[in-house]
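Chain residues, written in single-letter form:
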Amino acid sequence: MASIRVENIEKTFGKFKALNGVSLEVRDQEFVVLLGPSGCGKTTLLRIIAGLEQAEKGRVWIGDRDVTELPPRARKIAMVFQNYAVFPHLTVFENIAFGLRMQKATPEKLRANVERAATLMHIENLLERYPAQLSGGQRQRVAVARALAVEPEVLLMDEPLSNLDALLRLEMRAELKRLLAESRTTTLYVTHDQVEAMSLADRIAVMNTGYVVQYDEPMKVYQEPANTFVGGFIGSPPMNFLKVRVEGQQAQLQSLSLKIPTPAPGPEVLLGVRPEDLEAYLEPQPQSFTAEVLVVEPLGPHLLLTLRFGQQLLKATVPPDFRVRAGQTLWFKPQPDRLRWLDPGSGQALAAR
Amino acid sequence: MRSERYIPYVLILPSVLFLLFLFAWPLLEALLLSVRGSGGQWTLENFQRMAADLYFKDALKYTLLLTVVIVPLQVVMALGMAMLLGGISRGRDLFLYVWTIPLGISDLAAGIVWLAIFTERGYLNSFLQGIGVIQQPQLWLSYETPTMIFVAVVAAEVWRATAIVFVILVAGLQLIPKEYSEAAEVFGATPWQRFWKVTLPLLMPSLQVALILRTILALEVFAVVVALGGRNLPVLAGEAYYWYNAYQNPGVAAAYSVIILGISVVATMLYLRLMRSKREGAA
Ligand SMILES: Nc1ncnc2c1ncn2[C@@H]1O[C@H](COP(=O)(O)OP(=O)(O)OP(=O)(O)O)[C@@H](O)[C@H]1O
Ligand SMILES: [Mg+2]
């Protein structure tokens, strides 16, 4: 079985630094999701692990082999490319069978694996077609099936479900998770979609501008973002960051005073709080702060409120039967154990809660 | 609004007229010429005279032989060169320019260059004498040595016209996104397998163009042969020339041309059939 370990990877394109010393370890049989905004270096990192790109610095390990100098075919991995790279001159069947043919698999194994992978991706009735006769989403599923068919120990997937409709994506996501857990495949999975990331991952590596900014379990990443970027990028709507005054060990929001667990870096501190962790009241409450409702958006399971607190805007969600109109003033109390304290200068979380 | 619909037609009209006037019309004339007698009656007399001629069999044989030897040689060499070029990054342009220099040389000039090498007082004899292999200048290109003339023509043609195949294949290779080769590599294909299973099939359209173009041009080979062998190595296009000029018989000359045309059409159709791109619909 195999783990993936990259150490201090640096990659420059011309003058542009795409990766700034990335280190990451994916344990054997673990499912890790790389999550980050467009252009942050996810594909580049994957290509370096696959051996399609050479890093200027750093090493790549797969299992206990240092593969940094090895060509892609010697690394024993499978990959789903972001742009599919499905061979246009081969039928769907031959595309899926490609890796098995290279391994000189027996005809029985080849047929069985191809059919299983195709059935899993719901393309078993397209096996005789050529890629030009497929839709984008079907082509993408061929790319996924091609990677699954070789039953790799290490699987790299670059946004493998990005082109599917919401329903199919939900289904495929669950199927993939089940299959890869069953086959104990070590997986590194790239996505933009934070819901996908949360639902699939054993651990999420959040990337930004060529750095891994946080690497932790999904709920940790969600509840304890390492900085304002992670808090803002994950969660929809994103985490609120309120600038609040510090008095001694306390942060003061009107009548609400909150204890800051670590010494504050200056006269102000950022309070990170998720919209669903703000409890709203129609009447005045002790230990609360007020905010004016600007917009009410009914989203089905809840109402999304856009609020003004002093000069700052914030978002909160309330139950759908909460009777509120724009212009009203509400009282809010945050869940005390769900707060995140950050340095307003650097945006980094203050050490240990 | 209405006039806009005519604009494309108006714009292509000059070139269509030009082609009709300079290609279609002479083609038709040549066809008619070949099947008409001096009195204007329909006849196969020209073809019979052509077939009965002493040179006809040799001309047909050598033309086909030259094509069969030269075209595959050129395609293999050009493919090798194009693949090598894809493997280097620094100085790539330099190699590209050097390899395409022969594109700028006319076929007659190419023939004369090689004549200067093989002729009695040419570079080859001077060289061999210089290093003492031979005492007397050898006669390489005489009617007694058709094989040597053949080899010289092949050398000259390969030297002169491989570049065009090369350019077509380089352009074709550049059109193949590198992701296919990368995907093949990730899934375990060796460089050799990548070439056979991915690059070559995807290069088929360019190969087809190169083969058709080179085959047609090889069937028309003339100036290089004239320069190196005169009529000692008869070819179809050369015979057409001699019948037209020396024998003043346009009818038989036209018959030769029609034969060349016929072979070209058959070869082209064969290429189109055998190399039909398998992916149906546009990629
Ligand atoms: N071959 C290249 N030459 C120059 N710059 C490149 C090259 N490949 C990537 N880059 C740059 O490196 C950065 C990271 O690219 P990468 O493809 O890894 O992004 P990504 O995180 O996968 O983005 P996306 O989510 O949009 O796919 C980008 O800013 C991109 O412009
Ligand atoms: Mg990408």
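The following refers to the structure shown.

About the criteria used
- Residues numbered from 1 in each chain as written.
- Chains lettered and ligands numbered in written order.
- Predicted model: local features only at pLDDT ≥ 70, side-chain atom pairs only at ≥ 80, totals over all residues.
- Heavy atoms only, no water.
- Pairing = 2+ DSSP bridges.
- Helix = DSSP H or I, 4+ residues; strand = E, 2+ residues; numbered from the N terminus.
- Contact = heavy atoms within 4.5 Å.
- Axes fitted to C-alpha atoms, helices over the stretch in contact; angles between N-to-C directions.
- Near = heavy atom within 4 Å.
- Polar contact = N/O pair within 3.5 Å; in protein donor to acceptor, adjacent residues only side chain to side chain.
- Areas by Shrake-Rupley, 256 points an atom, 1.4 Å probe, with all protein chains shown as cover.
- Buried area = accessible area lost by both parts, 1.4 Å probe.
- Salt bridge = Lys/Arg side-chain N within 4 Å of Asp/Glu carboxyl O.
- Nonpolar A, V, L, I, M, F, W, Y, C, P; charged D, E, K, R; others polar.

All names here are of chain A. The strand order across the open sheet built from 4 strands is β2-β1-β4-β5, with neighbouring strands paired in antiparallel fashion. Of all strands in the sheet, those bounded by a partner on one side alone are β2 (16-26) and β5 (65-66). Here 5 bridges tie strand β1 (residues 4-13) to strand β4 (residues 57-62), and the two strands are oriented antiparallel to one another. Bridged to Arg 5 within β4 is Trp 61. Packed on one face of the sheet, helix α1 (residues 42-50) meets β1, β2 and β4 and runs near 120° to β1.

Residue and element names in this part refer to chain A. Around ligand 1, the surrounding shell holds 13 residues, and the nearest of these are Ser 38, Lys 42, Thr 43, Thr 44 and His 192. The contact in question runs from an oxygen atom of ligand 1 to an N or O atom on the backbone of Gly 39, over 2.8 Å. Backbone polar atom of Gly 41 to an oxygen atom of ligand 1: 3.0 Å apart, as the coordinates give it. For ligand 1, whose unbound accessible area comes to 630 Å², protein coverage reaches 63%. Contributing elements (two or more residues each) for the shell around ligand 1: β2 and α1. Broken down by element, the shell around ligand 1 gets its largest block of residues, 3 residues, from α1.

At the interface, 26 residues of chain A touch 25 residues of chain B. Among the residues of chain A in contact with chain B, A:Arg73, A:His89 and A:Met102 are the three that bury the most area, contributing 29% of the side total. At the boundary of chain A with chain B, the tally comes to 1 salt bridge. A salt bridge links A:Arg47 to B:Glu182; its shortest N-O distance comes to 2.8 Å. If you look at where chain A meets chain B, you find 4 residue pairs in polar contact (both at pLDDT 80 or more). Put simply, the parts of the chain that give the side of chain A that touches chain B at least two residues each are α1, β6 (77-80), α2 (92-102) and α4 (136-149) of chain A. Across the side of chain A that touches chain B, the residue classes tally to 18 nonpolar, 4 polar and 4 charged.

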